[in-house]
Each structure stands twice: as structure tokens, then as C-alpha cells.
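So you can see what is in the structure, the chains are spelled out below.
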Amino acid sequence: MNVWMGPGLLPPAGLRAELAGCQGLVCLLTDRVDRALLDAVPGLEFVSSMSVGVDHIDVQALSERGIPLGNTPGVLVDTTADTAFALLLAAARRVPEADRFVRDGNWTAANAWAPGFFTGKDVSGATLGIVGLGQIGQAMARRAAGFGMQVLAWNRAPRQVAGIEMVTLEELLLRSDFVSVHVALAPATRNLLDAGKIALMKPGAVLVNTARGGIVDELALADALASGRLAAAGIDVFEREPVPADNPLLALPNVVVTPHIGSATTLTRARMADMAAVNAIAALQGQAMPCCVNPEVYR
Ligand code: GLV
């Protein structure tokens, strides 16, 4: 067994070298599993990813080779919805900006409490639009209900959930004060919120993305935030990760950023690691993985 202990990410050539002669791979969402890797490791029998998203993996290429892919859905639902709601509140009430203001020594008698001082946006009573009403989207809706929000949602497949009004994506963008993204990144959702869709968003709205970079057009979003048409954004995921320092979103005071930590609690990460291990052990024992993304390989 080869275990990569870092430091840092394992580059593609390193992953190929580590995998030589291995039957299976237990990987993270930072490891790219593409056709080139599969060609270089012809003996690979399974892949188990410690993630729910599998956009770092060429699933079709695995399926063509009959290689099962395991993932870790379910256990990170509430943790990720907590992160999304934390970003929503932080962006609405300008928490990181206020924190920097105080630490930088700007809170002085000349620059202190006043009626318009650090005013933000009300969350209670506002309308939240959920883009993608899977398990995490539904968990976000439960949190929003606790804050007295009206909840709209759009989902690619028809879905009915009590207390949530299903609408088209366009209507959701037009009516929502807050929009939170919860779809998986796939060819059909790449650039789903492009410049045209962002232009439909309500003036003064807030966008939260804890799903994946690549779903939202970052340059169009940065333009809308810089011009003041959108009030703020809370962004945990980026088109390129780690996010390059020159990403325009990083230069904007009304953007709250975190480094892809949606599922980052100690307990949730332990549960994800357990699921990834259980999937790998099943594959090593010649059994079907309990959580398999491409179960057709078993038929
Ligand atoms: C996190 O982003 C995951 O896909 O598990």
C-alpha cells in the first residue's frame, strides 16, 4: 500500500508513479483521475473518492473500463448546508469586512456607530432561491425556514418538497434576494449561472456558492459585484483551486471567501474517510461498493 502524506497536493506525475502496480486508488477531490492516468495504470480495479462530487474524475472512462467509483454522499449534507448558511449570513451582514475594520484600527471616535454604519441586508423575511434541490439544497431550505425566509427552488428533474415553491431558473433569479447554488458540476451545469443569468438577478441580491467553481461565471459575478448591482457574495469554491491571487473576486470587499471548506468539520471528515475506506475494502474483497457512482459496472 502506498500512502501519500504530502506535504501539499500530489501532482499528476506523482500520482501515476505512486499508483504503479496498485489495484485501487483512494483519492481526494484534488486528485485528477482522467484517461491519461487510467492508460498509465492499466491494472487499476477501483477508485474510491473521499468526496461527494466526482467532477475531478472521468466517470465515463472508468465505466468503459468496468472500474467502479465510490463516493461519500449523505454524511456531509448538514455540514455543507451550515457552511452555505454561514456564508449567506456573513455576506449579508458584512461580518469579515467588519472584522477587518476593527482589527485594522479603523473603529475610532471619528468613524463609529452611526445610523448607516456597516448596514447590511436583512436575512429574516427575505426570499432565498435554491439552485439544485438535492439533499444539501433541502438542508439549506430547512435552515432558511428557521430564519423566516420564503424559499424558492429550481431543480433540473421535477421535485416537490413541502414549503418550497418550485420555479424556473429565470424566475428564481428574478425573485430571490439570496441565491444559493447546490448543483453538482457536470457538462449540463458548467457555466449555468453565466453573464446572462447573473444579469437576471435582483438588484442588491447576494449569491452563495458552496457547490463547485465552474458553475458560476466568476468574471461576470465580479463585474456585477464591483458595479454594486449585486450586494455581496459568499464563495467557497472556485474555477481554479487553490484560487490564484489575481482572481478578481478576491479584490472585492463585498465578497466573503473560504477555501473549499463546505464539509470541513472533524466529525464529517471522519465519516467521509470511513465511507471511502468501506467502499475500498468492499472492492478489495470483490464485493460491490456500498456507495457507487457507476453501479452499471456490476451488471
Ligand atoms: C466536497 O466538495 C465534496 O465533493 O465532497
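This text gives an overview of the structure that appears in the document. (Residues numbered from 1 in each chain as written. Predicted model: local features only at pLDDT ≥ 70, side-chain atom pairs only at ≥ 80, totals over all residues. Heavy atoms only, no water.)

1. Quick look at the side chain of Asn155
We count it as follows: For the purposes of this entry, the term helix denotes a DSSP run of H or I that reaches at least four residues, the term strand denotes a run of E that reaches at least two, and both are numbered from the N terminus. Only protein chains enter the calculation, and the probe is 1.4 Å; a residue is then buried if its accessible area is under 20% of its type maximum, exposed if over 50%, and partly exposed in between. Polar contacts, as used here, are pairs of N or O atoms within 3.5 Å; protein pairs need one atom able to donate a hydrogen and one able to accept it. Residues neighboring in sequence count only if both atoms are side-chain atoms.
Relative to the assigned elements, Asn155 resides in the loop between β5 (150-154) and β6 (165-166). Among the residues examined, Asn155 registers a relative accessible area of 16% and is labelled buried. Here Leu133 takes part through its backbone nitrogen, which lies 2.8 Å from a polar atom of the side chain of Asn155. Within the structure, Asn155 has its side chain in polar contact with the backbone oxygen of Ala157 (distance 2.8 Å).

2. Points about the site of the ligand
The line we're drawing: Each residue is tested against the molecule or strand, and it is near if at least one of its non-hydrogen atoms lies within 4 Å. To be clear on the numbers: accessible area is Shrake-Rupley with a 1.4 Å probe, and residue cover counts the displayed protein chains and nothing else. Throughout this entry, Asp, Glu, Lys and Arg are counted as charged residues, while Ala, Val, Leu, Ile, Met, Phe, Trp, Tyr, Cys and Pro are counted as nonpolar. The remaining residues, Gly among them, count as polar.
If you check the shell around the ligand, you find Leu29, Ser51, Val52, Gly53, Leu76, Arg212, His260 and Met272 and nothing else. Within the backbone of Val52, one N or O atom sits 2.8 Å away from an oxygen atom of the ligand. Here an oxygen atom of the ligand and a side-chain polar atom of His260 are 2.7 Å apart. When the free accessible area of the ligand is taken as 190 Å², the share hidden by the protein chains comes to 90%. Residue composition of the shell around the ligand, by class: four nonpolar, three polar and one charged.

3. Examining the layout of surface pockets
For clarity, the cut-off: Both cavities and pockets are sets of points on a 1 Å grid over the protein atoms alone; in a cavity a 1.4 Å probe fits but cannot get out, in a pocket the set is open with protein on both sides within 12 Å along at least five of seven lines, and lining residues sit with an atom within 4 Å of a point. Grid points are joined across faces, edges and corners, and a volume is the space filled by probe spheres set on the points.
Roughly 680 Å³ of volume is contained in the second largest pocket. In terms of lining, the second largest pocket is formed by 23 residues, of which the most central are Asn2, Val3, Trp4, Leu25 and Val26. Counting only elements with at least two residues in the lining of the second largest pocket, the list comes to α1 (12-19), β1 (24-27) and α10 (266-284). Counting residues per element, the lining of the second largest pocket draws most heavily on β1, which supplies four residues. For the lining of the second largest pocket, the class distribution of residues is 16 nonpolar, five polar and two charged.

4. Comments concerning the pattern of salt bridges
For clarity, the cut-off: Any carboxyl oxygen of Asp or Glu within 4 Å of a side-chain nitrogen of Lys or Arg constitutes a salt bridge here.
Scanning the model with the defined rule gives 14 salt bridges in all. With its nearest N and O atoms 2.6 Å apart, the salt bridge here joins Arg103 to Asp99. With Arg103 and Asp99 both in helix α5 (residues 95-103) and four residues apart, this pair spans about one turn of that helix. Take Arg103: its relative accessible area is 66%, and that puts it in the exposed class. Connected through salt bridges with shared partners, the residues Asp78, Asp82, Arg142 and Arg143 form a single ionic network.

5. Quick word on empty space enclosed by the protein
Under the defined criterion, the tally for this structure stands at two cavities of 30 Å³ or more. In this structure, the largest cavity encloses a volume near 60 Å³. Lining the largest cavity, in full, are Ala90, Ala91, Arg94, Pro96, Glu97, Arg100, Ala232, Pro253, Asn254, Val255 and Val256. For the lining of the largest cavity, the elements supplying multiple residues, two or more each, are α4 (77-92), α5 and β10 (255-257). Here the lining of the largest cavity gets three residues from one element, more than from any other, and that element is α5. Residue composition of the lining of the largest cavity, by class: seven nonpolar, one polar and three charged. Lining the second largest cavity are Asn209, Gly213, Val216, Glu218, Leu221, Ile235, Val237 and Leu249. Split by residue class, the lining of the second largest cavity holds five nonpolar, two polar and one charged.

6. Topic: the pairing of β1
As a reminder, the rule being used: Two strands are said to pair when DSSP picks up at least two bridges between them. By convention, orient the strands away from the viewer: a clockwise path from the first strand over the helix to the second makes the crossover right-handed.
A one-sided burial pattern is seen for β1, the buried positions being Leu25 and Cys27 and the unburied ones Gly24 and Val26. As defined by bridge partners, β1 adjoins strand β2 (residues 46-49) across four bridges and the pair is classed as parallel. Paired with Cys27 across the bridge in β2 is Ser49. Remark: the β1/helix α2 (residues 35-40)/β2 crossover connection has right-handed handedness.

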